[in-house]
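Inside the fold
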Amino acid sequence: MAFRMGNSSTKCSGSSKNCLATGNKFSVLVVDDDPVVQRIHRVFLNRFGFETQVVGNGKEAVDLYCSGASFHLVLMDMEMPVMDGPEATRELRGMEVSSMIVGMTSRDRDSEKQAFMAAGLDDCRVKPLTADIITSLLHQLNIKYQY
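In this text, all values refer to a predicted model and were calculated from it rather than measured experimentally.

This paragraph deals with the packing of aromatic side chains. On inspection of all chains with the given rule, the structure shows 4 aromatic pairs. Summarising the aromatic geometry, the rings of Phe 26 and Tyr 145 are spaced 6.2 Å apart at their centres and angled 45 degrees between planes, so their arrangement reads as tilted. With a gap of 119 residues between them, Phe 26 in the loop between strand E2 (8-10) and strand E3 (27-31) and Tyr 145 in the segment after helix H5 (131-144) connect regions that are remote in the sequence. For Phe 26, a relative accessible area of 1% translates into the label buried. For Tyr 145, a relative accessible area of 16% gives the class buried. Between Phe 44 and Phe 48, the ring centres sit 5.7 Å apart and the planes meet at 85 degrees, which makes this aromatic pair edge-to-face. Counting every residue linked through ring pairs, the aromatic cluster contains Phe 26, Phe 50 and Tyr 145.

Turning next to helix H1 (residues 35-47). When the terminal C-alpha atoms of H1 are compared, their 18 Å separation across 13 residues agrees well with the 18 Å that a helix rising 1.5 Å per residue should span. The secondary structure elements touched by the buried residues of H1 are E3, strand E4 (51-55), strand E5 (73-77), strand E6 (100-105) and H5. Capping of H1 at its N-terminal end is provided by Asp 34; its side-chain oxygen lies 2.8 Å from the backbone amide nitrogen of Val 36. In the stretch just after H1, Gly 49 is the one whose phi turns positive, near 90 degrees.

The rules we used
- Residues numbered from 1 in each chain as written.
- Predicted model: local features only at pLDDT ≥ 70, side-chain atom pairs only at ≥ 80, totals over all residues.
- Heavy atoms only, no water.
- Phe/Tyr/Trp six-rings, centres within 6.5 Å; stacked < 30°, edge-to-face > 60°.
- Helix = DSSP H or I, 4+ residues; strand = E, 2+ residues; numbered from the N terminus.
- Buried < 20%, exposed > 50% of the residue type's maximum accessible area, 1.4 Å probe, protein only.
- Expected span 1.5 Å × (residues − 1).
- Contact = heavy atoms within 4.5 Å.
- Polar contact = N/O pair within 3.5 Å; in protein donor to acceptor, adjacent residues only side chain to side chain.

Quick look at the structure:
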């Protein structure tokens, strides 16, 4: 069974950990300029059964959406060259992107996280991803998309 969101369609085999009885699979866009973080997040998310795509800055994320791509979840780094996370998040929300956007930051200051949240995030987490964070995000995605 295929699930359609925007112009992207995803399919799932029954063995993926984030596939539900409906046979759907979540797609994730990782937006981060650090190649090591990109690789860690991609491998970790893939192990949980997510379809993952990676870009290096916020402008590339906005450009992907402008070209018709769509994702269930966007993991957005806060500090990147070209276009940072808060600016990219504002741009995406201005385009009426309804994907769940979660800020990822290495900073743990509440004031910085609140400023990032104000750009239009659904949630903000401290890097790196952990199994607990992914499980929590999966739960939120299940609720958002009512699987």
